Amino acid sequence: AQSVTQLGSHVSVSEGALVLLRCNYSSSVPPYLFWYVQYPNQGLQLLLKYTSAATLVKGINGFEAEFKKSETSFHLTKPSAHMSDAAEYFCAVTGTGNQFYFGTGTSLTVIP
Amino acid sequence: NAGVTQTPKFQVLKTGQSMTLQCAQDMNHEYMSWYRQDPGMGLRLIHYSVGAGITDQGEVPNGYNVSRSTTEDFPLRLLSAAPSQTSVYFCASRILAGRNTEAFFGQGTRLTVV
């Protein structure tokens, strides 16, 4: 079975501070992991994905994530938060039946 | 390239009414799916399809029907709307070339059942 857990439903950071959004996964097969971002009243947009080619994955808008098998984690980071980063972020893993399994999301607030 | 297009964007229904949420994609993706998004619950899979004529249930299928007559279209039907179906609905598609391919999402349909 596959699942993801996102720790912290709400995260607040100051503008310019480090962003760290946590995702832990459970998978019975080698995992493929994704981070999506959802801006208000919009659909989900892919930020980055891990497909086993490299453990450190760089995505759009300065975000990156590191796959750590020993910790079953795929945390999302950005060195310096911008106001435009305020959004909902979802971690997801694909299952054996082609479905995506999403976490419950983390709402990021950036304080000016 | 339009990607995944959902209509309508907003809808208010009365309890017991029926309606169809439309989803179309122009990327020739085999896999299409419907999710509902509720606060604190993330996205939950309603129904999915791996090709024309093939559909299957997801995590929360009750109260919803789907069909897939073409590769491009995957409508979601609510036969008798209930207030519990108030939610934001997303359609997504992806190519079936392995588990590492990403899903592309529509802009969503915000449904309120009163």
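In this report, the structure presented in the accompanying data block is examined. (Residues numbered from 1 in each chain as written. Chains lettered and ligands numbered in written order. Predicted model: local features only at pLDDT ≥ 70, side-chain atom pairs only at ≥ 80, totals over all residues. Heavy atoms only, no water.)

### Description of the side chain of Thr109(B)
All names here are of chain B.
- Along the chain, the position of Thr 109 falls in strand S11 (residues 109-113).
- Residue Thr 109 is classed as buried on the basis of its relative accessible area, which comes to 0%.
- Only 3.5 Å separates the side chain of Thr 109 from the side chain of Gln 6, close enough to count as a polar contact.
- Within polar-contact distance, the side chain of Thr 109 engages the backbone oxygen of Pro 8 at 2.6 Å.
- Discounting chain neighbours no more than four positions away, the residues touching Thr 109 are Gln 6, Thr 7, Pro 8, Lys 9, Leu 21, Ser 87, Val 88 and Tyr 89. (Helix = DSSP H or I, 4+ residues; strand = E, 2+ residues; numbered from the N terminus. Buried < 20%, exposed > 50% of the residue type's maximum accessible area, 1.4 Å probe, protein only. Polar contact = N/O pair within 3.5 Å; in protein donor to acceptor, adjacent residues only side chain to side chain. Contact = heavy atoms within 4.5 Å.)

### A closer look at the pairing of strand S6 (residues 54-57) of chain B
All names here are of chain B.
- Pairing of strand S5 (residues 42-51) with S6 involves three bridges; the strand directions are antiparallel. By the bridge assignment for S6, His 47 is matched with Gln 57.
- Following S5, the chain reverses through two residues before pairing antiparallel with S6; Gly 53 in that reversal takes a positive phi of roughly 85°. (Pairing = 2+ DSSP bridges.)

### Concerning the pattern of salt bridges
- Inspection of every chain in the model, using the stated rule, returns five salt bridges over all chains.
- Close ionic contact of Asp85(A) with Lys78(A) constitutes a salt bridge, the shortest N to O distance being 2.9 Å. Both residues of the pair, Asp85(A) and Lys78(A), belong to the buried class.
- Its salt-bridge partner being Arg44(B), residue Asp38(B) comes within 2.8 Å of it at the nearest N-O pair. Each member of the pair, Asp38(B) as well as Arg44(B), is classed as buried. (Salt bridge = Lys/Arg side-chain N within 4 Å of Asp/Glu carboxyl O.)

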